[in-house]
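Structural characterization, general
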Amino acid sequence: MSFGNFSNRTTYGLEPAAARYCWSAWFLFVLIVSVLGDTTILIASTRGGAFKLIKINSVFIQHIAVSDLLICLTYVFPSFVSMLCDGWVFGEVLCYVRVYVGFMVLSVSSLLVFVMSVVKYARLEFPFRTLLWGKSFTHKVCAVVWISTVGCPLSYLVIDRFDIVFDYRIYNCIYNFSAPTWKYVLPVMALFSKFLPNVLIVIANVLILLKAIKMVRVSDRNERVKWEGTLTVIMTALVYTLSFFPFILYHMVEMFMSSSSTDEDDRRAMVQFYRTVCSIVLFNVFSNFFIYSFTMEGFRAYLRARIRRICRRDIESRQHPRGVQCACRPKTTNYGS
């Protein structure tokens, strides 16, 4: 494993230690909220019957939740531990695994939001043509999305599989893109995996909103279109786009800065800017739980029922401890008929 510019702890590391602990607290918060929230989403959508949506939306929600959990596993958790330990402690093999799997999962997340938006617009614009699009069809579409992102780690293997560095800006392993070939390949990859999906997400959701408003206006008062699915898609895409926009802004600023600049203040500002941008992107990882709680009445009812059940069990266990409950249980006798 080679170490490039960003592996210099003195130049790019977080100092003092209190700063590292503050940043690690943010990653811990994201980790806990995302794991609990996305796990709840998966349970509610598969067994709880809480999502009163068409099956297509529910399938996309499940795949997005899985991708968020994988992001926590491959990015959030390693960064949290590395900040606490002030370095990579998981070994060289897991560093490679984190890079090859982690970058693929990040691409999956953006593409899933993009495809979900396009499919939602198609459902509104062509309701009869898309009538047969069901659960099986949506799983196949999502499978294509997952498979398509394999091209990213494959390109790493083909061009330079050993070009992995530990980046002290985000305290995680990254691909360094130092081979001359990346000068031509990287802009194309960024265009199709990052820039175009975000632009098309915005366009698709604007069209979704306009179409939904038009359907509400022409429908009868008693046959108003249900906004749950539409609002869920729009807010999911909105949060994703807003959280990812600073990342695009960072690369635009970086393009206009001289690569040979030695100004220490500029370097520190760009390092802090990049670290902040990567933290803002994490809003997309844990926000879906709150989005669904806001947009879907069925999910809110499911959460209230679960909370009441937990509180009821806690109260019963306090009022009737296990030993006392057994002692006070009335004795039943079978007298026969």
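In case you missed it, the structure is sitting above this.
These figures come from a predicted structure and were not determined experimentally.

Definitions and cut-offs
- Residues numbered from 1 in each chain as written.
- Predicted model: local features only at pLDDT ≥ 70, side-chain atom pairs only at ≥ 80, totals over all residues.
- Heavy atoms only, no water.
- Patch = residues over 30% accessible without salt bridge, like charges linked within 9 Å, V, L, I, M, F, W, Y side chains within 5 Å.
- Areas by Shrake-Rupley, 256 points an atom, 1.4 Å probe, with all protein chains shown as cover.
- Salt bridge = Lys/Arg side-chain N within 4 Å of Asp/Glu carboxyl O.
- Lys, Arg positive; Asp, Glu negative; His and termini not counted.
- Charge placed at Lys NZ, Arg CZ, Asp CG, Glu CD.
- Helix = DSSP H or I, 4+ residues; strand = E, 2+ residues; numbered from the N terminus.
- Buried < 20%, exposed > 50% of the residue type's maximum accessible area, 1.4 Å probe, protein only.
- Pairing = 2+ DSSP bridges.
- Axes fitted to C-alpha atoms, helices over the stretch in contact; angles between N-to-C directions.
- Parallel < 35°, antiparallel > 145°, perpendicular 65-115°, else oblique.
- Left-handed = near helix turned anticlockwise from the far one by under 90°.
- Contact = heavy atoms within 4.5 Å.
- Nonpolar A, V, L, I, M, F, W, Y, C, P; charged D, E, K, R; others polar.

1. Some words on a positive patch on the surface
- A cluster of like positive charges, contributed by Arg47, Arg306, Arg308, Arg309, Arg312 and Arg313, occupies part of the molecular surface.
- Per-element accounting of the positive patch gives the leading share, five residues, to helix H12 (residues 297–319).
- Within the element layout of this structure, Arg309 appears in helix H12.
- Look at Arg309 and you get partly exposed, because its relative accessible area is 39%.

2. Describing the pairing of strand E1 (residues 164–167)
- On E1, burial covers both faces: Ile164 and Phe166 on one face and Val165 and Asp167 on the other are all buried.
- When E1 meets strand E2 (residues 172–175), the two strands line up antiparallel, connected through four bridges. Across the sheet, Ile164 pairs through a bridge with Tyr175, a residue of E2.
- Linking two consecutive strands that pair antiparallel, namely E1 and E2, is a turn of four residues; a positive phi of about 55 degrees is found at Tyr171 within it.

3. With respect to the environment of Leu209
- Among the secondary structure elements, Leu209 is positioned in helix H7 (residues 182–218).
- Sequence separation of Leu209 and Tyr121 is 88 residues, and the distance between their C-alpha atoms is 9.0 Å.

4. Let's talk about the packing of helix H8 (residues 228–256) against helix H11 (residues 288–295)
- Where H8 meets H11, the axes come as close as 10 Å, and the angle between the chain directions of the two elements is 150 degrees. Relative to H11, the element H8 lies roughly antiparallel. Crossing angle aside, the handedness with which H8 passes H11 is right-handed. Facing H8, whose interface residues are Glu228, Leu231, Thr232, Met235, Thr236 and Val239, H11 presents Asn288, Ile291, Tyr292, Phe294 and Thr295.
- Tallied by class, residues from the contact of H8 with H11 come to six nonpolar, four polar and one charged.

5. Here we look at the environment of Trp26
- One can find Trp26 in helix H2 (residues 17–48).
- Residue class for Trp26 comes out partly exposed when judged on its relative accessible area of 21%.
- Between the alpha carbons of Trp26 and Phe80 there is a distance of 8.4 Å; along the sequence they are 54 residues apart.
- Residue contacts for Trp26: discarding those within four places in its chain leaves Ser279, Leu282, Phe283 and Phe286.

6. Considerations on a nonpolar patch on the surface
- Taken together, the side chains of Val188, Leu191, Phe192, Phe195, Val199, Leu200, Val202, Ile203, Val206, Leu207 and Leu210 present a nonpolar region at the surface, about 910 Å² in accessible area.
- Tracing the chain through its elements places Phe192 in helix H7.

7. A word on unusual backbone geometry
- Cis geometry marks the peptide bond from Glu15 to Pro16, where omega comes out at 0 degrees.
- Within the secondary structure, Pro16 is located in the loop between helix H1 (9–12) and H2.
- In this structure, Asp86 takes a positive phi of about 60 degrees despite not being glycine.
- In this fold, Asp86 is placed in the loop between helix H3 (55–85) and helix H4 (91–125).
- Positive phi values are uncommon outside glycine, yet Phe177 reaches one of about 55 degrees.
- Within the element layout of this structure, Phe177 appears in the loop between E2 and H7.

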